[in-house]
Amino acid sequence: EPKTVIEGVANYQLAHNGEKILVQKGQDYAIIKAAVEQNIKDKLDLTHLTLKIDPQVEWRQMFTDAWRILRDWFYDPGMHGMDWQAVHDKYLPLAKAAKHRTDLDYVFGEIAGEMNAGHIYVNSGDQPSVKRQDNGLLGAEFSKHKSGYFEITKIFAGENWTPARRSPLTEPGVDAKVGDFVIAIDGVRTDQVANIFQLLEHTADRTISVELNNKASTKGARKVYVKPISSESQLRYLDWVNSRRALVDQLSGGRIGYVHLPNTAIDGNRELFKQMIPQIGKDALIIDDRYNGGGFIPDRMIELLSRKTMNYWKRRGLDLDSNATPLIAHDGPKVMLTNGQSSSGGDALPYYFRKAGLGKIIGTRTWGGLIGISGNPGLADGGSILASTFRFMDTEGNWAVENEGVTPDIEVIDRPELIAQGRDPSIERAVEELLKDLQENPRKSIESPPAPTEF
């Protein structure tokens, strides 16, 4: 009885079985009398509870569920003109023939492809997997020296207060430098191995000893202790961003700032705040949307980029730019860089940038995926097929961006051979355009008048 309330076990899920009731409280279960003033005392021991599953029966149910989820949650009830029953009948024989869970994922992928829409994803469910061993990395690059030892050729700068950007060789007490030699790791000399990473297997997040020396010799080597990381992706990303900013600074003589936004989710919003504030005083800004992985709809991000200074505050000994309201506001010219990996929220951001009249878009056409997702039921084994539930439309009532992308005002292709030479064609053109803009329309600046002496 859904309305049954028993004193002491109210708000529990109840299932009747004659005079007994199976009660669930959180992850615990118990059987109690169907009477008042009952409490959970003896919890059922589910330690050895197992569930026997016939995979093909479960997969057959999941096939029907996935087909229904798309049918009932897709933003267009007309299914983009597809005969949805015919789609079901077309792929049912493949689903019945599935012999492994990945076979079913393949079928789901084919059904998703029939939608001709972005953001329809297949996530695998319950299937065997091998535990990955996290090998260690030191946030550095090495070369094999003629002595047989490994020389440090690059150390990636980190932001060691952020776990994902911790650079082991830059932590306190390590004092490693480019040009130093790694003599041994956990007591094993590096001249005895062909690849230094052989000695870092299974060391991620474990403290190990590393012997360093400024010459290729065991004599005078010093032992330090480091904790390797399992991924250098964030360190390499940070290095790339810093190198782009340095390039912009060099090409513009320090007049132009640079902000890269990796996505429009948490990371992208954090980077916008972090990178914008120290560059508010720059005459112009490059907002780099290339490789933006999307996330949230970036309306708040475009609001920050659109802000204008409302007033200044004069403080003793400080310039006006550092004392403006709002804090994050830039009044100079801007451009935005895009490419084919600017996706989802990374499509919306340049669209809003143009809509707000903030400046030119430079690069190549964006991905074109603005039918979005907001969640839908999952499948029985923990997998899912995500249905795109809402679609972008412009203020004139037209479908836009999806399957089209955002076309730049100035097309620039980042040719791979130029990138390999250390150049960045998109940034070079952006600096050129902004310097031209600054020459024709220099950024306005003011100076505070003398403080009043009469009132």
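Now for a look at the structure at hand. (Residues numbered from 1 in each chain as written. Predicted model: local features only at pLDDT ≥ 70, side-chain atom pairs only at ≥ 80, totals over all residues. Heavy atoms only, no water.)

1. Examining the overall build of the protein
To keep it simple, the criterion reads: The secondary structure listing takes helices from DSSP runs of H or I that are at least 4 residues long and strands from runs of E that are at least 2 residues long, numbered from the N terminus. Based on C-alpha atoms, the radius of gyration is set beside the globule rule, defined as 2.2 Å times the residue count to the power 0.38. When a residue's accessible area, from a 1.4 Å probe over protein chains only, is under 20% of the maximum for its type it is buried; when over 50% it is exposed; and in between it is partly exposed. Working rule for contacts: check all heavy atoms of both residues, and any pair within 4.5 Å makes them a contact.
Within the protein one finds nine helices and 20 strands. Relative to its length of 455 residues, the protein is extended, with a C-alpha radius of gyration of 30 Å against a globular reference of 23 Å. Each of the 455 residues in the protein was classed as buried or not, and the buried ones make up 42%. A fraction of 66% describes how many contacts in the protein between residues 6 or more apart in sequence connect residues 24 or more apart.

2. Notes on the packing of aromatic side chains
What counts is decided by this rule: Pairing of aromatic side chains here covers Phe, Tyr and the six-membered ring of Trp, requires ring centres within 6.5 Å, and sorts the geometry by plane angle: under 30 degrees stacked, over 60 edge-to-face, intermediate tilted. Both a distance and an angle decide whether a charge sits over a ring: NZ of Lys or CZ of Arg must be within 6 Å of the ring centre and within 35 degrees of the ring normal.
A full pass over the atoms with the stated rule returns six aromatic pairs. On the basis of an interplanar angle of 65° and a centroid distance of 4.9 Å, the ring pair of Phe74 and Tyr75 is categorised as edge-to-face. You can call Phe74 buried: its relative accessible area is 5%. Centre to centre, the rings of Trp240 and Tyr291 are 6.1 Å apart; their planes meet at 80°, and the pair counts as edge-to-face. Of the two residues, Trp240 is situated in helix H4 (residues 233–252) and Tyr291 in the loop between strand E12 (284–288) and helix H6 (299–306); the sequence distance between them amounts to 51 residues. The partly exposed category is assigned to Tyr291, whose relative accessible area is 46%. Clustering of aromatic rings is evident, with ring pairs tying together Phe74, Tyr75 and Trp399. Geometry around Trp399 places Arg391 over its ring, the cationic atom sitting 5.0 Å from the centre.

3. As for a nonpolar patch on the surface
Keep this limit in mind: Distance thresholds for patches are 9 Å for like charges and 5 Å for nonpolar side chains (Val, Leu, Ile, Met, Phe, Trp, Tyr), applied to residues having over 30% relative accessible area and no salt bridge. Only the protein chains shown count as cover for residues, and the accessible areas themselves come from Shrake-Rupley with a 1.4 Å probe. Here a salt bridge means any side-chain nitrogen of Lys or Arg lying within 4 Å of a carboxyl oxygen belonging to Asp or Glu.
Taken together, the side chains of Leu22, Ile31, Leu44, Leu46 and Leu49 make up a nonpolar region of the molecular surface, amounting to roughly 440 Å² of accessible area. Structurally, Leu44 can be placed in the loop between strand E3 (28–33) and helix H1 (55–73).

4. Quick notes on the pattern of salt bridges
Taken as a whole and assessed by the stated rule, the structure comprises 30 salt bridges. Note that Lys154 is salt-bridged to Asp239, the shortest N-O span being 3.3 Å. Of the two residues, Lys154 is situated in strand E6 (residues 150–155) and Asp239 in helix H4; the sequence distance between them amounts to 85 residues. One salt-bridge network, held together by shared partners, links Glu159, Arg165, Asp267, Arg270, Glu271 and Lys274.

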